Every structure is written in C-alpha cells, then in structure tokens.
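# Geometric and topological summary
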4 protein chains.
Amino acid sequence: MGTSLTSQQIEELLAGSPFIAFLNLRLISLDGDKKEIVMHAPMRAEFERGPGSKQWHGGPIAALIDTAGDFALAALLGRTLPTINFRVDYLRPAIDTSLTATACVRRNGRTVGVADVDVTDDSGNVVAIGRATYATTGTAR
Amino acid sequence: MGTSLTSQQIEELLAGSPFIAFLNLRLISLDGDKKEIVMHAPMRAEFERGPGSKQWHGGPIAALIDTAGDFALAALLGRTLPTINFRVDYLRPAIDTSLTATACVRRNGRTVGVADVDVTDDSGNVVAIGRATYATTGTAR
Amino acid sequence: MGTSLTSQQIEELLAGSPFIAFLNLRLISLDGDKKEIVMHAPMRAEFERGPGSKQWHGGPIAALIDTAGDFALAALLGRTLPTINFRVDYLRPAIDTSLTATACVRRNGRTVGVADVDVTDDSGNVVAIGRATYATTGTAR
Amino acid sequence: MGTSLTSQQIEELLAGSPFIAFLNLRLISLDGDKKEIVMHAPMRAEFERGPGSKQWHGGPIAALIDTAGDFALAALLGRTLPTINFRVDYLRPAIDTSLTATACVRRNGRTVGVADVDVTDDSGNVVAIGRATYATTGTAR
C-alpha cells in the first residue's frame, strides 16, 4: 500500500507550520506498508526543564507525539487532521539527547483515526509513549 | 487549608524553568481551600499552527495543561512533581486569543496525585481539557 | 434546554441492554440544562475483587463510567452512541458500598461528544473519575 | 529473565477473584523474556450490548484490558497491583466471538508500571487497545 503524501510533501507541511518548524521536526522515514512514520527532533534551549539540566520538559515531548501521530495518518489521507485527544506516558527522563518519534497507525476509520507513538532517545531507550485520536473527517488548519 | 508555596515562590519556579519561561506562563490566582491554581499564557508567534492562522497548535496547549496541573499539586506539596501521564481533549480551536488554565487537585495521595485542568480562551469558552497524574514521591528536576 | 429522551425512555434503554441490566443501573436524575445525568448501581457478588473483600473490581466501575457518559449524551441526542475511547482514574477503593455516577457533557460536537463522569460511594467520596469520547455520528447497537 | 509467578499460580489468582472468575478469564501463555501474557475470555450472555446482537458491551472489554495488564506486571512482581488509571480505545465491534488479550509490560518502575494490551477477536482482528498504569508499590486486595 502506498501513501497519499510523498516525503517531500510531508517536509513542506512540516516547514509550513510555524510551531512544527520551531520544533525542528525532520522526517526520517515513511513506510506505507507498515503505516509508519519516523521523525526526529533535536534538543533546543527553549525546551529545557530546569536551567542547566539538559532535560527535555514534557511539553515539547507531548507536542512531538501529537505531531508524529498526525503525520502517520496524514501520509495515508493526504492532509493533516485535527487532534481529538491523546494520552502521553513518560517512562524515563530525556537528558542531553535528541528524540526520535516512531508513529504507527492503529486504525484509519471513516470518522476517527488512532495512532501509537514511541519516543526514543539517542541510546534507543523509550522515554515516552503516546496514543492519539484524530478526526478523519476534518482538515487541520 | 493553606498552601506550601507562596505566590511569589511559584512565580520564581515558573521563571526558573527555561521552557515554562518560554511559555510566558503567569500565575493569576492560587486558592488553597479549593486546591486550585489559575495560570495565563499569551499567544506567541512560535505557537502558531498554520502560517497566518493565529491558531494555537495543540502542542503548547498540552504543555500548558501539564504545567498547570503540576503546579496545582506543587502548591500543596512545596515542589514540582514528575508527570506520570496525562490526557488532553481538544474541544474547539483556540484562535487569536490568550489562554487561561484552571487546574484543580482531584487527589493528593501518597504515591500519586491527580489534577484536572480546563483551558479557556479570552471569551471564556473551554478550548481544551486535561487530566494528569503525577508522582508525589518524586521531585521534578 | 430540554432533553431528547424522557426518563422513562432512558429506563427502557437501560433495561433493554443485557449487560446494563446485569449492572442493575438505575436512573436517579436527568438535568437537561446542566447536561447532567445521575445513575446508581448496587454492589453485586459477581463484581467483588478479592473473595470476602466487598471491594468493587475496577472493571465494573469502568463499565459504569462508560455507560453513564454515553447516556449523558444520549439524553441530548435521542440515542446511545459508540464509545471512541475513555480514561478512568481510580482515586480510592470502593468497599461495601453502592456507587453513584454523575455524568456531565463537556462537548456535543458534530462528530465527537465528550463526557466527564465522577463516581462516588455511599459516603459521597469520589472513588473514580472518567473521561470519555463518543461518536456523535453513529448509533450504538 | 524469568517470572515471579508460575502459570499455575496465575490461574489460582484468576480463579480466586469473584469478578475475574465471572469473566471466565483463562491464561493462554506467559513469556518472561518478552514480559508478555496472553489471556482468553469467552462471550457470555451477561456481556451482550443489545439483546440478540451477540456484540460485546465495551464494559467487559475494558475489564479484560485492566486485568490482563495487571497480570502482565503481576507475573514479574509476584502479586497483582492496584490500577492507577487506564485508557481504552475501541477500534471495531466485537460480535459473536471470544476475545484474546495480549498484554505487554512497557515499564516496570519503582513506583509505577505501564502495560499495553491488544484485544483481538477470533479472526485475529484488533477490536480494542488499552494502556494502563499500576502502582508497583502497592498490593491489590
């Protein structure tokens, strides 16, 4: 099964959103058969929790999950979708590392899509996991 | 019942975290009896979803929820806590508005604390709601 | 604002579902203005966690939350809805008590409805809280 | 890595809880290396959503998720644990089928454990997915 968006189109959408551009999200890979997308985000000074800690605040990790899940479905549907809700579980601190988000479509239904997202650090440890629901009838602005 | 942190101490903690300072979170009110805290965040250009849309991306809204819930418990316990997990439901778009988060402690247990957070726009409409769990045994870095 | 279902119609729907009838759910009150519904469930032997503990297993509490949230929206829309997802947080054990679920509609949108549910024991203590999303375009079988 | 509970001990715990015995949960397999447990539940008349529909109500599916996740951690820790919270997403209706729950430990921390649960029907289709958090410091009654 193919995807409705090419890698280049996804990169243009990522660059086109001021917030996602600020996250510096970059597309790593896209697999239509596995309905999976992989994205990467470097640390930046504004994301630090405590001063000098080099630890990611949970907020930008949650934003990474929301966005990666959205693009896993967007790759299939040809457009980004409004988020209905999501859950994030923090498994361990993310310190002095960039982050990689692997998002997989669990359901692509007529009204609702569901994606799972695992976030790993540079050593491959899972630092957070997310599960998100999107409105497949809608179009995110 | 009082709180373990004064408003001034909370403001210092908010200012001390690079990410929260970037969110420009400001303490509006603190009510120890109701176990409730109210915070305010202005829009900033980096949070915009689509270019020129003036719409908040869901990511910074999730970060606002996580942080407000944490400080509702921090006010009682005297320190911020590691987030275990949280859920956010987006109810309507937040466009051309600042945001106000009202966080209320639902449980303050020995190992786990739970907070509910409602986020409203400048017209008082609820744009998102969050529910978050924190480790009351730990200390966030 | 009124409701699309009368109390009698809700009671008939409750009685018509084999599982809900097994839960022995009873309608206590219905408030169209507050978009709120209150339901009551007695303990029954099959719901016990440990033998002789008189403690509710979390499973039937989750079922009570799912059902009460559904009927809060059903009262407005005239039919029960398929559940998209829900979260339940257990705040304290429910021991030797019946349970009361108060469900309130947080959003009644074109494709998605959201309800909050608080579950209290006979002393009025909150034992669990739920947040659930339903497909307002669908009809539950 | 081994497990702290044998298959026989798990079966005794399943049989010992009145609610779980009512669910007719049966252990299918236990894999300590993968931190995975598989359980099976047949349909029963009391779980039916609409009369004659042969469709599982979401309530017992949620109970199955909560219980399977708990036992995935119990197998490692030697005892069942109190549930802190969980989320269930319903992906498709479960009609005229038994259910199989595959639960996998995502984190086994000092205070909190996290498990993912996939529920499949007799054709192998995923009907629901769950994510649950348990208090690893506690003991479920």
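Coordinates for the structure precede this section.
Residues numbered from 1 in each chain as written. Chains lettered and ligands numbered in written order. Predicted model: local features only at pLDDT ≥ 70, side-chain atom pairs only at ≥ 80, totals over all residues. Heavy atoms only, no water.

## Considerations on the interface of chain D and chain B
The following threshold applies: Note on definitions: a residue-residue contact is assigned when non-hydrogen atoms from the two residues lie within 4.5 Å. Once two parts are brought into contact, the accessible area they lose, counted with a 1.4 Å probe and summed over both, makes up the buried area. Strands are runs of DSSP state E lasting at least 2 residues, helices are runs of H or I lasting at least 4, and numbering of each runs from the N terminus. In this classification, the charged set is Asp, Glu, Lys and Arg, the nonpolar set is Ala, Val, Leu, Ile, Met, Phe, Trp, Tyr, Cys and Pro, and all remaining amino acids, among them Gly, are polar.
Taken together, the seven residues of chain D in the interface contact seven residues of chain B. Regarding the contact of chain D and chain B, the summed buried area is about 500 Å², with carbon and sulfur atoms giving 57% of it. If you tally residues by element for the side of chain D that touches chain B, the top one is strand β3 (residues 83-90) of chain D, at three residues. For the side of chain D that touches chain B, the class distribution of residues is two nonpolar, four polar and one charged.

## Considering the relation of the copies chain D and chain B
Rule in force here: To superpose the copies, least squares is applied to the C-alpha atoms of every residue with a pLDDT of at least 70 in both.
For the pair chain D and chain B, the best superposition has an RMSD of 0.0 Å and corresponds to a rotation of 180 degrees with a translation of 0.0 Å parallel to the axis. One copy is carried onto the other by what is essentially a two-fold rotation axis. Proximity to the rotation axis, assessed at the C-alpha, singles out D:Thr111 in chain D; its C-alpha lies 3.7 Å from the axis.

## Considering the side chain of D:Thr133
Cut-off, in case you're wondering: Between buried and exposed lies partly exposed: a residue is buried under 20% and exposed over 50% of the maximum accessible area for its type, with that area taken using a 1.4 Å probe on protein chains only. A 3.5 Å cut-off defines polar contacts: any pair of N or O atoms within that distance qualifies, except that in protein one atom must be a possible hydrogen donor and the other a possible acceptor, and neighbouring residues in sequence count only when both atoms are side-chain atoms.
With respect to the secondary-structure elements, D:Thr133 resides in strand β6 (residues 126-135). Among the residues examined, D:Thr133 registers a relative accessible area of 0% and is labelled buried. Within the local environment of D:Thr133, its side chain forms a polar contact with the side chain of A:Arg87, the two groups lying 2.9 Å apart. Once residues lying within four places of it in the same chain are set aside, the contact partners of D:Thr133 are A:Arg87, A:Asp89, B:Ile84, B:Asn85, D:Thr83, D:Ile84, D:Asn85, D:Val112, D:Gly113 and D:Val114.

## Some thoughts on the relation of the copies chain B and chain A
Relative to chain A, chain B is turned by 180 degrees and slid 0.0 Å along the rotation axis, the superposed coordinates differing by an RMSD of 0.0 Å. Comparing interface residues between copies, 100% of those in chain B also lie at the interface in chain A; the contact surface is shared.

## Observations concerning the pairing of strand β5 (residues 112-120) of chain D
Where a strand is regular, its side chains alternate between the two sheet faces. Residues and elements named next belong to chain D. Put simply, the rule reads: In this analysis, strands are considered paired if DSSP registers two or more bridges between them.
Of all nine residues in β5, eight are buried; the element is thus mostly enclosed. As defined by bridge partners, strand β4 (residues 99-108) adjoins β5 across eight bridges and the pair is classed as antiparallel. If you follow threonine 100 over to β5, its bridge partner there is threonine 120. Linking β4 to β5, which pair antiparallel, is a turn of three residues. Sheet analysis places β5 next to β6, joined by nine bridges and oriented antiparallel. Paired with valine 117 across the two strands is glycine 130, which belongs to β6. The hairpin turn running from β5 into β6, its antiparallel successor, is five residues long, and glycine 124 in that turn takes a positive phi close to 90 degrees.

## Overview of the interface of chain B and chain A
Stated precisely, the cut-off is as follows: The salt bridge criterion pairs a side-chain nitrogen of Lys or Arg with a carboxyl oxygen of Asp or Glu, the two atoms within 4 Å.
Facing 37 residues of chain B, the contacting portion of chain A comprises 37 residues. In total, about 2700 Å² of surface goes out of reach between chain B and chain A, with carbon and sulfur atoms giving 56% of it. Between chain B and chain A we count two salt bridges in total. Note that A:Arg49 and B:Asp70 form a salt bridge whose closest N and O atoms lie 3.7 Å from each other. Applying the counting criterion to the chain B and chain A interface returns eleven residue pairs in polar contact (both at pLDDT 80 or more). Within the residue set of the side of chain B that touches chain A, elements represented by two or more residues are α2 (18-23), α3 (58-77) and β3 (83-90) of chain B. Note that strand β3 (residues 83-90) of chain A and β3(B) share five bridges and pair antiparallel. Counterpart to A:Asp89 in the pairing with β3(B) is B:Asn85.

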